[in-house]
Amino acid sequence: MGNIKFVNENKEVIAADGANLRLKAMENGIDIYKFWGKMTNCGGYGQCATCIVEVVEGLENLSPRTDVENRKFKNKPDNYRLACQTLVNGPVSVVTKP
């Protein structure tokens, strides 16, 4: 089990190993989308790249970047992830809407 700390919201939620970061955020009332993302998100399929989060601690406790993320984040730091493509396997701290 791992806790997910949402830094901007000052909220920590408990997640079972393998939990999807986007779903855990939504289940706990964490808004991960900027204005346009709220209207144009793809529903968690990795196509729109609107659920970007910055991992500030615990990057090693997340699933590896997917091929979709590697394509979308060619020019972004390794700690930028799509919440919909990220599985949590331990404690992690993330910044929403970086």
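You'll find the structure just up there.
As the structure is a prediction and not an experimental result, all values here were calculated from the model. (Residues numbered from 1 in each chain as written. Predicted model: local features only at pLDDT ≥ 70, side-chain atom pairs only at ≥ 80, totals over all residues. Heavy atoms only, no water.)

### Here we look at the sheet that holds strand S2 (residues 11-15)
Pairing in this open sheet of 5 strands is mixed, and the strands run S2-S1-S7-S4-S5 from one edge to the other. Both edges of this open sheet fall to S2 and strand S5 (80-82), since each of them pairs with a single strand only. Neighbour-to-neighbour, the strand axes of this sheet turn through a mean angle of 35°, independent of strand direction. Relative to S2, strand S1 (residues 2-6) runs antiparallel, the two sharing 5 bridges. Looking at the pairing, Gly2 lines up with Ala15 of S2. (Pairing = 2+ DSSP bridges. Helix = DSSP H or I, 4+ residues; strand = E, 2+ residues; numbered from the N terminus. Axes fitted to C-alpha atoms, helices over the stretch in contact; angles between N-to-C directions.)

### Considering the pattern of salt bridges
Side-chain pairs of opposite charge can arise where the charged atoms are in close proximity. By the definition in use, this model includes 3 salt bridges. Among the salt bridges present, the one from Lys24 reaches Glu27, with a minimum N-O distance of 3.3 Å. In this pair, Lys24 and Glu27 are both assigned in helix H1 (residues 21-27), 3 residues apart and thus about one turn of the helix distant. Note on Lys24: relative accessible area 17%, which makes it buried. (Salt bridge = Lys/Arg side-chain N within 4 Å of Asp/Glu carboxyl O. Buried < 20%, exposed > 50% of the residue type's maximum accessible area, 1.4 Å probe, protein only.)

### Let's talk about the nonpolar core
Counting residues in hydrophobic clusters, the biggest one holds 23 residues, and the most contacted among them are Ile4, Phe6, Leu21, Ile32, Cys51, Val92 and Val94. If you list the elements that add at least two residues to this core, you get S1, S2, H1, strand S4 (52-57), S5 and strand S7 (92-96). Aside from chain neighbours lying at most four places away, what touches Cys51 is Ile32, Tyr33, Arg81, Leu82, Ala83 and Cys84. (Core = buried A, V, L, I, M, F, W, Y, C linked by side-chain atoms within 4.5 Å. Contact = heavy atoms within 4.5 Å.)

### Description of the side chain of Thr86
Turning to its location among the elements, Thr86 is positioned in the loop between S5 and strand S6 (87-88). A residue is classified by how much of its surface remains accessible, and Thr86, at 0% relative accessible area, is buried. At a separation of 3.5 Å, a polar atom in the side chain of Thr86 contacts the side chain of Arg81. In contact with Thr86, other than residues within four places in its own chain, are Ala19, Asn20, Leu21, Leu62, Ser63, Glu69 and Arg81. (Polar contact = N/O pair within 3.5 Å; in protein donor to acceptor, adjacent residues only side chain to side chain.)

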